[in-house]
Number of protein chains: 2
Amino acid sequence: MSESQKRPTVAALLNVRRGREAIEFYKKALGAVERFCTESPDGAVVAQLAIGESEFWLADESPEHENFSPEALGGSTARMVLVADDPDAVFESAVAAGAHCVSPMADQRYGWRVGRVADPFGHHWEIGKPL
Amino acid sequence: MSESQKRPTVAALLNVRRGREAIEFYKKALGAVERFCTESPDGAVVAQLAIGESEFWLADESPEHENFSPEALGGSTARMVLVADDPDAVFESAVAAGAHCVSPMADQRYGWRVGRVADPFGHHWEIGKPL
């Protein structure tokens with residue numbers, strides 16, 4: 001939690017395989033900043049990232065503690081909604097960094113311009129802005 | 001996105017079964033506020049909630065669009081980190097509303113007081129604060 005945010009706060013923590021690689025991906029693909037990272041002797045990481053002022057976490061999966069990666073379950077149970085002034089640029093950056101396009105950027109009937117990608121770790125991102 | 005937040009912003013969207021019931025649960029259990037909700041003719045909802053100034057979304061699952069609930073996959077691929085001034089009270093409220101205790105509130109060696117619950121929709125919440 002940043003000092004500028006008043007409690008209570010909520011942020012998602014994404015379970016992944018190859019956590020260290022995931023941190024670098026989110027930095028490159030989405031402009032995330034690493035705020036905190038701790039690494040276990042076995043190489044598993046827990047990291048706090050931020051995109052703008054919004055924080056999220058990622059951690060290497062630990063199925064024994066009910067922390068499953070999308071690769072383990074064959075799908076994801078949450079997606080991330082990223083709102084940006086230039087969502088097309090973020091979308092292109094994500095795809096260039098290795099995300100795959102699920103739905104291309106398009107104006108939606110509900111009044112948003114949105115596209116959707118799946119990142120290399122199986123998490124899905126809706127990238128858009130209200131029109 | 002609230003007007004007070006500068007872009008870019010990121011917020012999680014939780015896939016659930018029984019979306020309407022989930023909204024009421026998060027209000028009662030965690031003090032969430034409903035900011036926006038749209039309902040399809042078939043009863044499926046997409047809702048934006050907030051806890052404090054932190055936003056999150058929930059939506060009824062749609063496996064045909066790769067939106068899986070924890071009930072569909074038998075686990076969840078993200079958890080929610082809720083930081084509160086009185087995490088014990090939030091934890092108790094969640095359990096009283098029907099969440100089940102995964103790990104009771106306890107001071108952790110990494111300097112946080114944290115407990116963990118699974119909500120009735122299969123999403124996990126770590127509730128805590130830095131010590």
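Residues numbered from 1 in each chain as written. Chains lettered and ligands numbered in written order. Predicted model: local features only at pLDDT ≥ 70, side-chain atom pairs only at ≥ 80, totals over all residues. Heavy atoms only, no water.

S.K.: What's the story with the pattern of salt bridges in this structure? I'm lost.
M.R.: Should the charged atoms of two oppositely charged side chains come close, the side chains can pair. Under the defined criterion, the tally for this structure stands at 24 salt bridges over all chains. Among the ionic pairs, B:Asp85 bridges to A:Arg7, the shortest N-O distance being 3.1 Å. Here the residue B:Asp85 occupies a position in the loop between strand E5 (78–83) and helix H3 (87–97), and A:Arg7 occupies one in the segment before strand E1 (9–16), the pair thus bridging two chains. Overall, the relative accessible area of 28% leaves A:Arg7 in the partly exposed class. As a salt-bridge pair, B:Asp88 and B:Arg113 come within 2.8 Å of each other at their nearest N and O atoms. (Salt bridge = Lys/Arg side-chain N within 4 Å of Asp/Glu carboxyl O. Helix = DSSP H or I, 4+ residues; strand = E, 2+ residues; numbered from the N terminus. Buried < 20%, exposed > 50% of the residue type's maximum accessible area, 1.4 Å probe, protein only.)

S.K.: Would you mind going over the environment of A:Ile127 with me for this structure?
M.R.: Residue and element names in this part refer to chain A. With respect to the element layout, isoleucine 127 can be found in strand E8 (residues 124–130). Spatially, the C-alpha atoms of isoleucine 127 and valine 117 are 8.0 Å apart, while their sequence positions differ by 10 residues. Discounting residues that sit within four places of it in the chain, isoleucine 127 has contacts with Leu30, Leu82, Pro87, Val90, Phe91, Met105, Arg113, Val114, Gly115 and Val117. (Contact = heavy atoms within 4.5 Å.)

S.K.: Looking at this structure, I do not really get the interface of chain A and chain B. What am I missing?
M.R.: Accessible area lost when the parts come together is the quantity often used to give the size of an interface. Every contact between the two is made by 42 residues of chain A and, on the other side, 42 residues of chain B. Approximately 3700 Å² of surface area, both sides summed, lies buried where chain A meets chain B, with 53% of it carried by carbon and sulfur atoms. Taken as a group, A:Arg7, A:Val10 and A:Thr77 account for 20% of the area that chain A buries against chain B, more than any other trio of residues on that side. There are 19 residue pairs in polar contact (both at pLDDT 80 or more) connecting chain A and chain B. (Buried area = accessible area lost by both parts, 1.4 Å probe. Polar contact = N/O pair within 3.5 Å; in protein donor to acceptor, adjacent residues only side chain to side chain.)

S.K.: It is not clear to me how the relation of the copies chain A and chain B should be interpreted in this structure. Could you clarify?
M.R.: Note on the chain copies: they are related by a rotation about an axis and a translation along it. Between chain A and chain B, which share one sequence, the superposing operator has a rotation angle of 180° and an axial displacement of 0.0 Å; the RMSD is 0.0 Å. Expressed as a symmetry operation, the mapping of one chain copy onto the other fits a two-fold axis. When the interface residues of chain A are mapped onto chain B, 100% of them are again interface residues, pointing to one common binding face. (Least-squares fit on C-alpha atoms with pLDDT ≥ 70 in both.)

S.K.: Explain the sheet that holds strand E8 (residues 124–130) of chain B to me, please; I cannot follow it from the model alone.
M.R.: To summarise the sheet geometry, strands pair through backbone hydrogen bonds and adopt either a parallel or an antiparallel arrangement. Taking strand neighbours across the sheet as the criterion, the eight strands line up as E2(A)-E3(A)-E4(A)-E1(A)-E5(B)-E8(B)-E7(B)-E6(B) in an open arrangement whose pairing is mixed. Only two strands of the sheet have a single partner each, and these edge strands are strand E2 (33–39) of chain A together with strand E6 (100–107) of chain B. Strand after strand, the sheet turns through a mean of 20° between neighbouring axes, direction not considered. Across six bridges, E1(A) lies against E5(B) in antiparallel orientation. Following the sheet pairing, A:Ala11 is matched in E5(B) by B:Val81. (Pairing = 2+ DSSP bridges. Axes fitted to C-alpha atoms, helices over the stretch in contact; angles between N-to-C directions.)

S.K.: Help me out: how do you make sense of unusual backbone geometry in this one?
M.R.: Peptide bonds are, in most cases, trans, and in most cases residues other than glycine have a negative phi. The linkage connecting A:Arg7 with the following residue, A:Pro8, adopts the cis geometry, with an omega of 0°. Tracing the sequence through the fold places A:Pro8 in the segment before E1. Even without being a glycine, B:Arg18 presents a positive backbone phi close to 60°. With respect to the secondary-structure elements, B:Arg18 resides in the loop between strand E1 (9–16) and helix H1 (19–30). At B:Glu66, a residue that is not glycine, the phi angle is positive and equals roughly 65°.

S.K.: Help me out: how do you make sense of the nonpolar core in this one?
M.R.: Inside soluble globular proteins, nonpolar side chains tend to come together where they are buried. One finds A:Tyr26, A:Leu30, A:Leu58, A:Trp125, B:Tyr26, B:Leu58 and B:Trp125 to be the most contacted residues of the largest nonpolar core, which totals 60 residues. If sequence neighbours within four positions are ignored, A:Leu58 has contacts with A:Leu13, A:Leu14, A:Val16, A:Gly19, A:Ala22, A:Ile23, A:Tyr26, A:Val45, A:Val46, A:Ala47 and A:Leu49. (Core = buried A, V, L, I, M, F, W, Y, C linked by side-chain atoms within 4.5 Å.)

S.K.: I tried to follow the environment of B:His100 on my own but got confused; where do I start?
M.R.: All names here are of chain B. Looking at where histidine 100 falls in the secondary structure, it is placed in strand E6. You can call histidine 100 partly exposed: its relative accessible area is 47%. Between the C-alpha atoms of histidine 100 and proline 120, which are 20 residues apart in sequence, the distance is 7.7 Å. When neighbours within four sequence positions are excluded, histidine 100 is seen to be in contact with Arg116, Val117 and Ala118.

S.K.: Help me out: how do you make sense of the side chain of B:Asn15 in this one?
M.R.: Turning to its location among the elements, B:Asn15 is positioned in strand E1. Within polar-contact distance, the side chain of B:Asn15 engages the backbone oxygen of B:Phe68 at 3.3 Å. Dropping the residues within four chain positions of it, B:Asn15 is found in contact with A:Ser76, A:Thr77, A:Ala78, A:Arg79, B:Ala59, B:Asn67, B:Phe68, B:Ser69, B:Pro70 and B:His123.

S.K.: Mind showing me how you'd approach helix H3 (residues 87–96) of chain A here?
M.R.: Since the α-helix turns once every 3.6 residues, residues separated by three or four places project in the same direction. Residue and element names in this part refer to chain A. If you check which residues of H3 are buried, you get Pro87, Val90, Phe91 and Ala94. Along the long axis of H3, the arc covered by the buried residues comes to 100°, so they all point the same way. Projecting away from the buried face of H3 at angles above 90 degrees are the exposed residues Glu92 and Ala96. Those residues of H3 that are buried lie in contact with helix H1 (19–30), strand E5 (78–83), strand E6 (100–107), strand E7 (112–118) and E8. Positive backbone phi, at 125°, marks glycine 98, one or two positions downstream of H3. (Arc of directions from axis to C-beta.)

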